[in-house]
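Chain by chain, the residues:
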Amino acid sequence: MKLKQRVVLLAILLVIFIFTKVFLIDNLDTSAANREDQRAFHRMMTGLRVELAPKLDHTLQSPWEIAAQWVVPREVYPEETPELGAVMHAMATKKIIKADVGYKGTQLKALLILEGGQKVVFKPKRYSRDHVVEGEPYAGYDRHNAEVAAFHLDRILGFHRAPLVVGRFVNLRTEIKPVATEQLLSTFLTVGNNTCFYGKCYYCRETEPACADGDIMEGSVTLWLPDVWPLQKHRHPWGRTYREGKLARWEYDESYCDAVKKTSPYDSGPRLLDIIDTAVFDYLIGNADRHHYESFQDDEGASMLILLDNAKSIRVSTWNRLNYLKNGVLKSALKSAMAHDPISPVLSDPHLDAVDQRLLSVLATVKQCTDQFGMDTVLVEDRMPLSHL
């Protein structure tokens, strides 16, 4: 064989070797990432059941101090939380030392301060479990049980971005009224034999109070985030206009998505992928009203999008987790996670079935995108280590 032919053959073999090595390394990296996703999923499923128990044997810290230390820029609580049951038990049982009207918003809520100085947001029961709200997806009152379910869905999806929520029964006559502010107390009334209140909010009306069963009111309590983590509100880029007959730009402009991707904070960092994760989360819980979202202040787009008020491309880790949850696994996981909540059963079987059906719709939509544009375009690898935060 001539020298020139040998050189050409050697060059071809070298190119094949390099491409084979790169391909194998990429596949190994992908396989390793997938295996880590599987391990994380199994860890989540193993620790899914949370038994509410008061004991914190290994620490002298209060439940509130422990929960406050969990919060970092990319998660509200860590993956492994052996103290979670104790914190949620405290939320469901600690003495209420003050009650006030809720912070600003459109829906009825009360701000409670529990023994030890911890703030929580109380949302009252407005509907029975099997009640169906007619009309637009955003019609009706917030469902307190949806807040509980959304927190556990956040755990199951591995997001860790929703503040802790637990169900609680309160006696309005003996636990709330004696410690209520004048502003809250002035909204109390009696309807038949039931104690009711209507609070202060954009849509709060004396004609539409929330009523207890006698004096006992079922509701949800959401743990207030630590004051050292102030929140910043952002307009959701895919929000609706709230004007009859007026479309938002994303509903008619095919180039809108490209424009968003060139705009801070969506042009770099994890924020745009957080938006996609949240769109999946909102679709699963039936939330069509996330017109704004919150992040931690002065984060330059680096902190997570925080999943408050729960009642495109997609991360590989999110795609893997969604696939692990199909074939009824999501419904089973939710039932298991919420089994020990004080207001269990949190969701009716038709609601659980609906979540499973919505999951199939999400998977089918992403599959349609990958078929059209390719896996490498649609699925984005974005695993952010949290150890340095």
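See above for the structure.
Fair warning: this is a prediction, and the values are worked out from it, not measured in the lab. The numbers attached to residues start from 1 for each chain and follow its sequence in the written order. With the structure being a predicted model, the display of local features is reserved for residues of pLDDT at least 70 and the display and counting of side-chain atom pairs for 80 or more, all residues being used for whole-chain, interface and lining totals. With hydrogens and water excluded, all non-hydrogen atoms of the structure serve as input to the side-chain values.

### Some words on helix 11 (residues 349-373)
Numbering goes from the N terminus for both helices and strands, where a helix is a DSSP run of H or I of at least four residues and a strand is a run of E of at least two. A helix is expected to span 1.5 Å multiplied by its residue count minus one. Between the first and last C-alpha of helix 11 there are 37 Å, a value that for 25 residues agrees with the 36 Å anticipated at 1.5 Å per step. Residue exposure (1.4 Å probe, protein chains only): buried if accessible area is under 20% of the type maximum, exposed if over 50%, otherwise partly exposed. Of all the positions in helix 11, only L352, V355, D356, L359, V362, L363, V366 and T370 are classed as buried. Immediately downstream of helix 11, the backbone of G374 shows phi near 95°, a positive value.

### Some points on the state of the cysteines
Every disulfide links exactly two cysteines, by a covalent bond between their sulfur atoms. Note on terminology: pairs of cysteine sulfur atoms within 2.5 Å are recorded as disulfides. Within this structure, the stated rule accounts for two disulfides. Across the disulfide from C201 sits C204; the S-S distance is 2.0 Å. A torsion of 105° about the S-S bond marks the disulfide between C201 and C204 as right-handed. Numbered in order of appearance, the disulfide-bonded cysteines of the protein chain are paired 1-4, 2-3.

### So, the nonpolar core
The criterion is simple. A nonpolar core is a set of buried Ala, Val, Leu, Ile, Met, Phe, Trp, Tyr and Cys residues joined through side-chain atoms within 4.5 Å. L164 and I176 are the most contacted members of the largest nonpolar core, which totals 80 residues. Contacts are residue-level and defined by heavy atoms, with any inter-residue pair within 4.5 Å sufficient. Excluding residues that lie within four positions of it along the chain, L164 makes contacts with W70, Y77, L84, V87, M88, M91, F151, V221, T222 and L223. Counting seven residues, the second-largest nonpolar core is a separate cluster that includes Y256, V260, L272 and Y293.

### Quick notes on the environment of D349
One can find D349 in helix 11. The class of D349 is partly exposed, set by a relative accessible area of 41%. Remark: the alpha-carbon pair of D349 and K331, spanning 18 residues in sequence, is separated by 8.9 Å. Residues within four places of D349 in sequence aside, it is in contact with K331 and K335.

### Observations regarding the environment of V191
Here V191 shows up in strand 5 (residues 188-191). Separated by 19 residues in the primary sequence, V191 and A210 place their C-alpha atoms 9.9 Å from one another.

### Focus on the sheet that holds strand 4 (residues 165-171)
Pairing between strands is defined by DSSP: at least two bridges between them are needed. As summarised here, the arrangement of the five strands in space is 1-2-3-8-4, forming an open sheet in which the pairing is antiparallel. The outermost strands of the open sheet, each flanked by one partner alone, are strand 1 (96-101) and strand 4. Between one strand axis and the next, the sheet turns through 35° on average, direction left out of account. Bridging between strand 4 and strand 8 (residues 216-223) involves seven bridges; their strand directions are antiparallel. The partner of F169 across the bridge, within strand 8, is E218. Between N-to-C directions, angles span 0 to 180 degrees; the directions come from axes that are lines fitted to C-alpha atoms, helices contributing only their stretch in contact. Along the sheet face, helix 3 (residues 84-93) touches strand 2 (110-114), strand 4 and strand 8 and points at about 25° away from the line of strand 4.

### Regarding empty space enclosed by the protein
Gaps between atoms show up when a probe of the same size as a water molecule is rolled over them. By volume, the largest cavity is sized at about 60 Å³. Residues of the lining of the largest cavity, tallied by class, amount to three nonpolar, two polar and four charged. Here the second largest cavity defines a volume of roughly 50 Å³. In this analysis a 1.4 Å probe is tested at points of a 1 Å grid over the protein atoms alone, and where it fits but cannot get out there is a cavity; an open set with protein on both sides within 12 Å along at least five of seven lines is a pocket; lining residues have an atom within 4 Å of a point. Lining the second largest cavity are A110, F122, V170, L172, I176, L184, F188 and F197. Its residues assigned to classes, the lining of the second largest cavity comprises eight nonpolar, no polar and no charged. Grid points are joined across faces, edges and corners, and a volume is the space filled by probe spheres set on the points. Side-chain classes are defined by residue name, with Ala, Val, Leu, Ile, Met, Phe, Trp, Tyr, Cys and Pro counting as nonpolar, Asp, Glu, Lys and Arg as charged, and the others, Gly among them, as polar.

### What to know about the packing of aromatic side chains
Classification of ring pairs rests on two measures: the distance between centres of Phe, Tyr or Trp rings, Trp counted by its six-membered ring, which must be within 6.5 Å, and the angle between planes, read as stacked under 30 degrees, edge-to-face over 60 and tilted in between. On inspection of all chains with the given rule, the structure shows six aromatic pairs. Between F41 and Y324 the ring centres are 5.1 Å apart and the planes differ by 50°, which places this aromatic pair in the tilted class. When its relative accessible area of 8% is taken as the criterion, F41 is described as buried. Residue Y324 is classed as partly exposed on the basis of its relative accessible area of 22%. One Lys or Arg, R126, reaches over the ring of Y141 and ends 3.8 Å from the middle of that ring. Only Lys NZ and Arg CZ are tested; either one counts as a charge over a ring when it is within 6 Å of the ring centre and within 35 degrees of the ring normal. Its end group placed over the ring of F159, R161 keeps NZ or CZ at 4.5 Å from the ring centre.

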